[in-house]
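Below, each chain spelled out in residue letters.
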Amino acid sequence: MAATKRYQRSDEPIWWSLFSAGGVCVAMLIPALIVLLVFGPWLGLLSAEALSYQRMSALLYHPLGVLFIGAVIILPLFHAMHRIHHGLHDLQWAHSSLAKWLCYGSAVLLSLLALGLWLLGVFV
Amino acid sequence: MSRKPYQPSMPANWWLKHPAYRFYMLREATVLPLLFFIGSLLYGLYCLSQGEASWLGWLNWMQQPWVMALNALALLASLFHAFTFFRLFPQVMPLRLGGRTLPASWMVAGQWLGVLLVFLALWWLLGGYHGSN
């Protein structure tokens, strides 16, 4: 029997899955969110009361609000940082594993920040 | 191994040399304005956790012309990203219905219909209908 060779497993499937899931969220959710949140009050689509502090904290700090954070902040962050990581390589600006650590590391840290801010609002 | 391996040169501006490469880079660049919008959301999340005065401050900040301009760019970028992303679905995962493959154009149209439905659902959730009454 041939000696088994140890292969270094690539971690790319993890990052690509997060990138792909983020891509779906950016395509499906982000356009609607920008139109409503940025141009909604301006175009008269939303009243001032619709975006009031009471309504928004009730909506966002609902237990399902964390899914919203995941879909519009966390997955799009991994989507963006994946493209930036590969973009830096394509532009030949950075090839090192440090660049990869910085890209995905910042996505992880900002995701933790988003979850922390959400928990802060829910429990404080 | 050959003694003089051929090493192709790859200038850093390779992507400027063909329309397809420029299109690819433009698609990759859609994440730059997206990052600004995500940053706006994180800032809003922080302001909401700090109380009502802080939240009203964020709403005002979002209506500043330069913020609106950058977020308008993020909107265009997300639509361009969606345009390129929706075209991939029929190629990656063709759907078969009743023994025949669903036309790619139907699948792309279905996804744009999804964008519209998401918009209507989010509008309803935020109180677009009730808030104005």
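Bear in mind the structure is a predicted one, so any value in this text is a computation, not a measurement.

Draft legend 1. Just the overall build of chain B, in detail. From N to C terminus, chain B includes five helices and two strands. When its helices and strands are written in sequence order, chain B yields α-α-α-α-β-β-α. Whereas a compact globule of 133 residues would reach a radius of gyration of roughly 14 Å, chain B reaches 22 Å, over 25% beyond that. Principal axes of the C-alpha set define a box for chain B whose edges measure 75 × 50 × 25 Å. Counting contacts in chain B only where the partners sit at least 6 residues apart, residues at least 24 apart contribute 44% of the total. Total accessible area on chain B stands at roughly 8,500 Å², and carbon and sulfur atoms take up 69% of it.

Draft legend 2. Local environment of the nonpolar core. Counting residues in each nonpolar core, the largest one holds 53 residues, and the members touching the most others are Ile34(A), Ile69(A), Ile73(A), Phe37(B) and Trp58(B). Contacts of Phe37(B), omitting those with residues within four sequence positions, involve Ile30(A), Leu33(A), Ile34(A), Val38(A), Asn71(B) and Ala74(B).

Draft legend 3. Region of interest: the environment of Arg22(B). Residue and element names in this part refer to chain B. Checked against the element boundaries, Arg-22 lands in helix H1 (residues 19–29). For Arg-22, a relative accessible area of 38% gives the class partly exposed. Excluding residues that lie within four positions of it along the chain, Arg-22 makes contacts with Trp-15, Leu-16 and Lys-17.

Draft legend 4. Structural detail: the confidence of the model for chain B. Residues and elements named next belong to chain B. Of the residues in chain B, 94% reach a pLDDT of 70 or more, and the chain-wide mean stands at 91. Across chain B, the element-wise mean pLDDT spans from 86 in strand S1 (residues 96–97) up to 97 in helix H2 (residues 31–49). Of the two predicted TM-score estimates for the complex, the pTM is 0.90 and the ipTM is 0.92.

Draft legend 5. Main features of unusual backbone geometry. Phi at Gln92(A) takes a positive value of approximately 60 degrees, unusual for a residue other than glycine. Here Gln92(A) is to be found in the loop between helix H4 (65–90) and helix H5 (97–123).

Draft legend 6. Representation of the packing of aromatic side chains in the model. Residue and element names in this part refer to chain B. Evaluation of the coordinates by the stated rule reveals 14 aromatic pairs over all chains. Seen in terms of ring centroids, Trp-61 and Trp-66 are 5.9 Å apart; in terms of plane orientation they differ by 85 degrees. Their pairing is edge-to-face. By the ring-pair criterion, three or more aromatic residues cluster together here, those being Phe-36, Tyr-43, Trp-61 and Trp-66.

Draft legend 7. Fine view of a nonpolar patch on the surface. A cluster of nonpolar side chains, Trp66(B), Leu70(B), Leu73(B), Leu76(B) and Leu79(B), forms an exposed patch at the surface whose accessible area comes to about 470 Å². Tracing the chain through its elements places Trp66(B) in helix H4 (residues 65–92).

Draft legend 8. Molecular detail of the interface of chain A and chain B. The partner chain B presents 54 residues to the 54 residues of chain A that form the contact. Broken down residue by residue, the surface that chain A buries against chain B is led by Met28(A), Tyr53(A) and Arg83(A), which jointly contribute 15%. At the boundary of chain A and chain B, one finds one salt bridge. In this structure, the salt-bridge partner of Glu28(B) is Arg83(A), at a minimum N-O distance of 3.3 Å. At the boundary of chain A and chain B, one finds 13 residue pairs in polar contact (both at pLDDT 80 or more). Of all the secondary structure elements, the ones that give two or more residues to the side of chain A that touches chain B are helix H1 (12–28), helix H2 (30–43), helix H3 (53–60), H4 and H5 of chain A. The residue makeup of the side of chain A that touches chain B, split by class, is 41 nonpolar, nine polar and four charged.

Draft legend 9. Structural detail: the side chain of Ser57(A). By secondary structure assignment, the location of Ser57(A) is in helix H3. Separated by 3.4 Å, the side chain of Ser57(A) and the backbone oxygen of Gln54(A) make a polar contact.

Draft legend 10. View of the pattern of salt bridges. Under the definition given, this model contains three salt bridges over all chains. In the salt-bridge network here, residues are joined through shared partners; they are Arg83(A), Arg27(B) and Glu28(B).

Draft legend 11. Spatial organisation of the state of the cysteines. All names here are of chain A. Using the criterion set out here, one finds zero disulfides over all chains in the structure. In this model Cys-25 remains outside any disulfide bridge; the closest cysteine sulfur is found in Cys-103, 20 Å from its own. A relative accessible area of 11% means that Cys-25 is categorised as buried. Residue class for Cys-103 comes out buried when judged on its relative accessible area of 4%.

Draft legend 12. Local environment of helix H3 (residues 52–62) of chain B. Taken together, the buried positions of H3(B) are occupied by Trp55(B), Trp58(B), Leu59(B), Trp61(B) and Met62(B). Seen along its axis, H3(B) keeps its buried residues to an arc of 160 degrees; they face one direction. Seen from the buried face of H3(B), the exposed residues on the opposite side, beyond 90 degrees, are Ala53(B) and Asn60(B). Packing partners of the buried residues in H3(B) comprise H2 and H3 of chain A together with H2 and H4 of chain B.

Calculation criteria
Residues numbered from 1 in each chain as written. Chains lettered and ligands numbered in written order. Predicted model: local features only at pLDDT ≥ 70, side-chain atom pairs only at ≥ 80, totals over all residues. Heavy atoms only, no water. Helix = DSSP H or I, 4+ residues; strand = E, 2+ residues; numbered from the N terminus. Rg over C-alpha atoms; globule rule 2.2 N^0.38 Å. Contact = heavy atoms within 4.5 Å. Areas by Shrake-Rupley, 256 points an atom, 1.4 Å probe, with all protein chains shown as cover. Core = buried A, V, L, I, M, F, W, Y, C linked by side-chain atoms within 4.5 Å. Buried < 20%, exposed > 50% of the residue type's maximum accessible area, 1.4 Å probe, protein only. pLDDT = per-residue confidence, 0-100. Phe/Tyr/Trp six-rings, centres within 6.5 Å; stacked < 30°, edge-to-face > 60°. Patch = residues over 30% accessible without salt bridge, like charges linked within 9 Å, V, L, I, M, F, W, Y side chains within 5 Å. Salt bridge = Lys/Arg side-chain N within 4 Å of Asp/Glu carboxyl O. Buried area = accessible area lost by both parts, 1.4 Å probe. Polar contact = N/O pair within 3.5 Å; in protein donor to acceptor, adjacent residues only side chain to side chain. Nonpolar A, V, L, I, M, F, W, Y, C, P; charged D, E, K, R; others polar. Disulfide = S-S within 2.5 Å. Arc of directions from axis to C-beta.

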